[in-house]
Amino acid sequence: MQEIRHSIVQRHLPVALLLLSSIAGCAGGNAAVPPGSTASGAEGPPNQGVVTPRRDGDAEAGKQAFRFETFGNERFWTDAVRLPAGMMAQRVTPMQALELGISIDVDALSADTRRALTAELRIDPTGRTSAMLNDPAMLAMLINANAVIGMPVKDASGDGVMDVMKGDKVGASCAFCHTATDGSAFRVAGGGSIGTRLDGLASHNLDVGRIFATAANSRALYPTLQLSLNANKGNTLGRAPTGLTETSTEAEVDAYLSNPAFYPKGMFDDTFDGNGNPMHNTPLFRQDLAAPYGSEGLIARLDNFSNLVYTTLFDQTALTTPGGRAFLHTLGGAAGDEIADDYVKVLAATGVTGYPFVKAAPHAKPGSEDAPIGLRVDEATLLALNAYLAHLIAPVGAPADAQVYARGRQIFRTAGCTDCHNVDQGKPVPTFIVAMKRIFPGDNPVVLAQRMPPLNDVLNTAESIFDDKMAVVNASGRGEIRGTTMPLLLDLARKPVFLHDNSVASLADLLDPKRGANAPHPFYLTDATRRSDVVEFLKSLDTSNDSGRR
């Protein structure tokens, strides 16, 4: 009896399996070997896809850029979104920030501050009685010290002193979603921590929605909210039953952002398409192994991915420029035009002026992957980021019993998993895109809008949120298919939920046939012992490929 359970297995289709955005799984069992596999097992798919060359700059400069570079977006976050002002008005304490998943770099604190905090936590390890952690004024002090990870402060006043209470501004850096700490000083269960930076780790506990809701003008995040657009006849796409509009109040926007059913913890909506499709934060270590970029595979080159983040997500007002409008129109037609027009109205209504804020230069090829909205930030910095992210060491895998590891590894090799995934995690992941129907057999989309090739039509399966991420923004933007990219199978033991939409609670659940034949990634092991062995193997994986011998 065949152990594999999956739907719509057609022998003429390429067996391209993947675990979306951060997960691992199997597509095989123990009785029948899928096409492309052998009875003795395989190390990975025979066709690894096309490799895109990468250029690297100065890695040390890249580290500083990863942690502190803003390219001027501090004016967006401080003057438009008004995140620092909102935090101060709500008297957010360091403890509350930690509970939201924000982490603090203990090495950025003065020696006196470290000693005082250590003494308080020695008396009460919970931090509940710590005067420092429960003082709203202390949060401003931490920001001024550049200790709040991912929220770099900039000396806007030019007086050489960082002080957010006296006009200095706070921006956003890559580290916000992609750095944790070792928790050596303090850790909040299910939240952030205080310790030494561990760059590249996915911030699984970062409650981005609730953090944004503390801003004084969260309406300035309009393009990345779940919207109800006239061009779509008022319909909306996302987790919330109704969408927001350009006239939605600050309270209504905050209610959406702070609702965990609509914007779950550990997720970030990184597409400016008017859909509510936050995806789970992914790691940024060993990005030399990770191409293409984005769970949908829109971007082939790492520096292009970084540029898109800086020029559109970290300063969304750049979407109102001619290049930004052209890009939104290409992606969404009338809906894209409406997003840009409505956003201008929102910015005017909330007193935002002087935008865009990002410091970027016009590019010779607007609309290309190099410059989707016609802007590109400093090339040397982008290449420096390449070098840093490509060589950031991945975490060591979880310890595993040698026999369990060996059994799990062999099942992984023979059960069909390697028709898509490589065993050796020190090897780049295959670069092909997995078609949506293959990764999600329940995909039954309707056409919401027609688009010009190479873009596919805007498609949506109403019964599921899994495909919302790929409805508008997907790899068809570079002539590929609508589908998903291959994840890094690294640091899985630390991951609390699985699949990009947070829909699966554990690796064991991911591989359990109880999820059903039409579920996303429906590739299962029916035997619980074999399933457990594969789970332990996956948790132990790291780039050294010798986890079981540790």
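Residues numbered from 1 in each chain as written. Predicted model: local features only at pLDDT ≥ 70, side-chain atom pairs only at ≥ 80, totals over all residues. Heavy atoms only, no water.

J.: Looking at this model, I keep getting lost on the pattern of salt bridges. Mind explaining?
T.: Oppositely charged side chains can pair when the atoms bearing their charge come close. Tallying each qualifying case throughout the model produces 26 salt bridges. For Lys169, the salt bridge goes to Asp79, with nearest N and O atoms at 3.0 Å. Here Lys169, found in strand S3 (residues 169-170), pairs with Asp79, found in helix H2 (residues 74-80); they are 90 residues apart in sequence, far enough to count as distant. Assessed through its relative accessible area of 17%, Lys169 is described here as buried. Since its relative accessible area comes to 30%, Asp79 is described here as partly exposed. Salt-bridge contacts for Asp443 lead to Arg482; the nearest nitrogen and oxygen are separated by 3.1 Å. Of the two residues, Asp443 sits in the loop between helix H15 (436-439) and strand S13 (446-449) while Arg482 sits in the loop between strand S14 (458-460) and strand S15 (483-484), which places them 39 residues apart along the sequence. Where salt bridges share partners, they join Arg55, Arg301, Asp303, Asp370, Arg376 and Glu379 into one cluster. (Salt bridge = Lys/Arg side-chain N within 4 Å of Asp/Glu carboxyl O. Helix = DSSP H or I, 4+ residues; strand = E, 2+ residues; numbered from the N terminus. Buried < 20%, exposed > 50% of the residue type's maximum accessible area, 1.4 Å probe, protein only.)

J.: Would you take a moment to explain helix H1 (residues 59-68) for this structure?
T.: Residues that lie three or four places apart on an α-helix share one face, since the helix turns once every 3.6 residues. Here H1 has its buried residues at Gly62, Ala65, Phe66 and Arg67. Next to the buried residues of H1 lie helix H7 (175-178), strand S4 (179-181), strand S7 (197-199), helix H10 (302-313) and helix H13 (379-391). Where H1 begins, one side-chain oxygen reaches toward the backbone nitrogen of Glu60, 2.9 Å away; that side chain belongs to Asp58. (Contact = heavy atoms within 4.5 Å. Polar contact = N/O pair within 3.5 Å; in protein donor to acceptor, adjacent residues only side chain to side chain.)

J.: I would appreciate a short explanation of the packing of aromatic side chains in the present structure.
T.: Two descriptors summarise a pair of aromatic rings, namely the distance from one centre to the other and the angle between the planes of the rings. The full count for this structure, using the stated rule, is 14 aromatic pairs. Pairing Tyr256 with Tyr263 gives two aromatic rings, centres 6.3 Å apart and planes at 75 degrees, and the pair type is edge-to-face. Note on Tyr256: relative accessible area 5%, which makes it buried. For Tyr263, a relative accessible area of 2% gives the class buried. Centre to centre, the rings of Tyr310 and Phe314 are 5.8 Å apart; their planes meet at 80 degrees, and the pair counts as edge-to-face. You can call Tyr310 buried: its relative accessible area is 2%. Put simply, the rings of Phe76, Trp77, Phe212 and Phe268 touch in pairs and so form one group of aromatic residues. For Lys495, the ring lying beneath its charged end belongs to Phe498, and the centroid distance is 4.9 Å. (Phe/Tyr/Trp six-rings, centres within 6.5 Å; stacked < 30°, edge-to-face > 60°. Lys NZ or Arg CZ within 6 Å of the ring centre and 35° of its normal.)

J.: Mind showing me how you'd approach the environment of Ile143 here?
T.: Mapped onto the secondary structure, Ile143 falls in helix H6 (residues 136-144). Taking C-alpha positions, Ile143 is 9.3 Å from Ile104, a pair spaced 39 residues apart along the chain. If we ignore the near neighbours within four places in the chain, the residues touching Ile143 are Met88, Val148, Met151, Val153, Val164 and Val170.

J.: Would you mind going over the environment of Leu257 with me for this structure?
T.: Tracing the backbone through its elements, the reader meets Leu257 in helix H9 (residues 250-257). By relative accessible area, Leu257 is classed as buried at 1%. The residues touching Leu257, leaving out its near neighbours within four places in the chain, are Gly209, Arg210, Phe212, Ala213, Ser218, Leu225 and Tyr263.

J.: Whenever I open this one, unusual backbone geometry confuses me. Can you help?
T.: Most peptide bonds are trans, and most residues other than glycine sit at a negative phi. Cis rather than trans, the peptide bond between Ala291 and Pro292 has omega equal to -5 degrees. Turning to its location among the elements, Pro292 is positioned in the loop between strand S9 (279-280) and H10. That bond from Tyr355 to Pro356 is cis: its omega, 0 degrees, falls within 30 degrees of zero. Structurally, Pro356 can be placed in the loop between helix H12 (334-349) and strand S10 (361-362). Positive phi is not limited to glycine here, since Arg82 has a value of about 60 degrees. Considering the arrangement of structural elements, one finds Arg82 in the loop between H2 and helix H3 (83-89). The residue Arg91 is not glycine, and still its phi comes out positive at about 55 degrees. With respect to the secondary-structure elements, Arg91 resides in the loop between H3 and helix H4 (94-99).

J.: Could you clarify how one ought to interpret the side chain of Ser306 in this entry?
T.: Note on placement: Ser306 falls in helix H10. Judged by relative accessible area, which is 7%, Ser306 ranks as buried. When neighbours within four sequence positions are excluded, Ser306 is seen to be in contact with Leu382 and Leu385.

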